[in-house]
Amino acid sequence: SPAPGGPASTLFGEEFFSRCKRALHADGILVTQAENMWIHLDLISEMKEFIEKIGWASVEYANISIPSYPSGCIGFFVCSKKRELC
C-alpha cells in the first residue's frame with residue numbers, strides 16, 4: 001500500500017490534490033488512501049487542512065476495518081467539489 005514517506009509520497013501532497021481537483025468534472029469526487037487514524041493522526045490533520053485550503057467543497061475522513069492491516073483499519077479521504085455530495 002502507498003505510504004506518505006515512500007515512493008508514493010506524491011500521492012499525499014498538495015500538488016496531487018490540486019491536479020485531481022482540476023481534472024475532475026464539477027460533480028467530481030475523489031477517494032484516496034489517508035492512512036490510519038491511530039498511527040498517523042498528525043498527518044491526517046495536516047492533509048485535511050491543506051486539502052480544504054485547495055478549495056474542495058467537502059473533505060471527509062472515513063475508515064474501514066481490515067484485520068490484516070497494521071492496527072486493524074485504514075482510512076480514506078472523500079473529497080467532493082460539491083458540498084452536498086459527501
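Everything that follows concerns the structure shown earlier in this document.
Residues numbered from 1 in each chain as written. Predicted model: local features only at pLDDT ≥ 70, side-chain atom pairs only at ≥ 80, totals over all residues. Heavy atoms only, no water.

A.B. asks: Summarise the pairing of strand S3 (residues 73–80); cite the residues concerned and give the values.
C.D. replies: Of all eight residues in S3, six are buried, a share of seventy percent or more. Here five bridges tie strand S1 (residues 29–33) to S3, and the two strands are oriented antiparallel to one another. The partner of Thr32 across the bridge, within S3, is Phe77. Both strand S2 (residues 58–65) and S3 contribute to a ladder of eight bridges, which runs antiparallel. Within S3, the residue paired with Ala62 across the bridge is Phe76. (Buried < 20%, exposed > 50% of the residue type's maximum accessible area, 1.4 Å probe, protein only. Helix = DSSP H or I, 4+ residues; strand = E, 2+ residues; numbered from the N terminus. Pairing = 2+ DSSP bridges.)

A.B. asks: Which residues make up the pattern of salt bridges, and what are the values?
C.D. replies: If the charged atoms of two oppositely charged side chains come close together, the side chains can form a pair. Under the counting rule described, the total for this entry stands at four salt bridges. Linking Glu15 and Arg19 is a salt bridge whose minimum nitrogen-to-oxygen distance equals 2.6 Å. Of the two residues, Glu15 and Arg19 are both situated in helix H1 (residues 14–23); the distance of four residues between them amounts to about one turn of the helix. Judged by its relative accessible area of 52%, Glu15 is exposed. In this structure, Lys53 engages Glu49 in a salt bridge whose closest nitrogen and oxygen atoms are separated by 3.3 Å. Of the two residues, Lys53 and Glu49 both sit in helix H2 (residues 41–54), four residues apart, roughly one turn of that helix. Exposure remark for Glu49: the relative accessible area of 46% places this residue in the partly exposed category. (Salt bridge = Lys/Arg side-chain N within 4 Å of Asp/Glu carboxyl O.)

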